[in-house]
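# A look at the structure
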Amino acid sequence: MSLEWFDRVSGELQDHLDSICDKYDQVGQMSIDRGAKHPRIEFFVETEDHDREYFCSLFFDPHNEEFYVETYDIDLQQESRTILTDIEDIVDCVHESFHEYMDEDEDDDDYVLADYDDENFEGNEEIYLDDDVTNEVFESIDVEWTTPEVTAYAHEDEVEVTYQFGIVQDTGDGVIRRVNRVVTTDEELIEDESNFIFSKEEASTIIALIATHMDSLSDFDFDMIDG
């Protein structure tokens, strides 16, 4: 097994992407994880809050000495790999993923601003959407819930977290709804609901990110609740 091809591509890839796309040169960044069983190069954009939004994960199989990207077929309910045989294929794949991400990001901004015209924010130079406004926007979206609530974990009668999957009817995007239910010492039920909307193109990246970082996660500490 050799990482010579991985190191060569890692060293040249940034220059190739900067030269092929001015927009990527401005905002696109990459990180390299050489120590993983399957080393990977991840591409991201840094937000104003200094968080990272990943748009492509490029993996390397050291045994076969080849790069690949993972995708997930929702209809077949299975993952698949696309092999990238040379650096031109790799650059094209990352470049295409970057523009898909940027186009979706611009569409999301247009959607939010379209729902709130100047009359609703007269006299305000900036628009801030708090949680209440965000929930109102989501409630106006027509979602077909394709699964019942599925319990992710529960602890006695005190804590329960459930998930539900749905499809946005207007756009075909996926929705994950998370409901956290907690019973207080006064026997009061508190529910906290959050919703995450994502496109089909994003799904494979989300799944890959979770799958590759599962071993880094810690189990829920129920003793903290009991204590």
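Residues numbered from 1 in each chain as written. Predicted model: local features only at pLDDT ≥ 70, side-chain atom pairs only at ≥ 80, totals over all residues. Heavy atoms only, no water.

### Concerning unusual backbone geometry
The phi torsion of most residues other than glycine is negative, and most of the peptide bonds are trans. Unusually for a residue other than glycine, E65 sits at a positive phi of about 55°. On the basis of relative accessibility, which here comes to 41%, the residue E65 falls in the partly exposed class. (Buried < 20%, exposed > 50% of the residue type's maximum accessible area, 1.4 Å probe, protein only.)

### Things to note about the pairing of strand β8 (residues 159–168)
Relative to β8, strand β6 (residues 143–145) runs antiparallel, the two being bridged by three bridges. Residue pairing for β8: W145 is matched across the bridge by G166. Between the end of β8 and the start of strand β9 (residues 174–183), which pair antiparallel, lie five residues, with G172 showing a positive phi angle near 80°. (Pairing = 2+ DSSP bridges. Helix = DSSP H or I, 4+ residues; strand = E, 2+ residues; numbered from the N terminus.)

### Here we look at helix α1 (residues 4–20)
For α1, spanning 17 residues, the distance from its first C-alpha to its last is 24 Å, which sits close to the expected 24 Å at 1.5 Å a residue. In the structure, α1 departs most strongly from a straight axis at E12, where the bend amounts to approximately 35°. Of all the positions in α1, only F6, V9, S10, L13 and L17 are classed as buried. (Expected span 1.5 Å × (residues − 1). Bend = angle between axes of the 7 residues up to and from the residue.)

### Here's the deal with the packing of aromatic side chains
This structure, assessed with the given rule, holds 13 aromatic pairs. Between Y24 and F98 the ring centres are 5.4 Å apart and the planes differ by 80°, which places this aromatic pair in the edge-to-face class. Here the residue Y24 occupies a position in helix α2 (residues 22–27), and F98 occupies one in helix α3 (residues 87–114), the gap between them amounting to 74 residues. For the residue pair Y24 and F98, the accessibility class agrees, reading buried in each case. For the pair F44 and Y54, a centre-to-centre distance of 5.6 Å together with 55° between the ring planes defines the contact as tilted. Within this pair, whereas F44 is found in strand β2 (residues 40–46), its partner Y54 is found in strand β3 (residues 52–61), the two being separated by 10 residues in sequence. The class of F44 is buried, set by a relative accessible area of 2%. (Phe/Tyr/Trp six-rings, centres within 6.5 Å; stacked < 30°, edge-to-face > 60°.)

### Some points on the nonpolar core
In terms of nonpolar packing, the biggest core is built from 25 residues, with L13, F43, F55, L58 and F67 touching the most fellow members. Contributions of two or more residues to this core are made by α1, β2, β3, β4 (66–73) and α3. Considering each element in turn, this core owes the most residues, eight residues, to α3. Ignoring any residue separated from it by four or fewer positions in sequence, one finds F43 in contact with L13, L17, Y24, Q29, M30, E53, Y54, F55, C56, L58 and V94. (Core = buried A, V, L, I, M, F, W, Y, C linked by side-chain atoms within 4.5 Å. Contact = heavy atoms within 4.5 Å.)

### Focus on a nonpolar patch on the surface
Residues I210, M214 and L217 make up a contiguous nonpolar surface patch of about 310 Å² in total accessible area. For M214, the location among the structural elements is in the loop between α5 (200–213) and α6 (222–226). (Patch = residues over 30% accessible without salt bridge, like charges linked within 9 Å, V, L, I, M, F, W, Y side chains within 5 Å. Areas by Shrake-Rupley, 256 points an atom, 1.4 Å probe, with all protein chains shown as cover. Salt bridge = Lys/Arg side-chain N within 4 Å of Asp/Glu carboxyl O.)

### Quick word on α5
Compared with an ideal rise of 1.5 Å per residue, which puts 14 residues at 20 Å, α5 spans 21 Å between its outermost C-alpha atoms and is within 8% of the ideal. Among the residues of α5, A203, S204, T205 and A208 are the ones counted as buried.

### A look at the side chain of S10
With respect to the helices and strands, the residue S10 is situated in helix α1. Residue classification places S10 among the buried residues on the basis of a relative accessible area of 11%. From its side chain, S10 meets the backbone oxygen of F6 in a polar contact 2.7 Å long. Among all residues touching S10, those that are not within four sequence positions of it are M30, I32 and I41. (Polar contact = N/O pair within 3.5 Å; in protein donor to acceptor, adjacent residues only side chain to side chain.)

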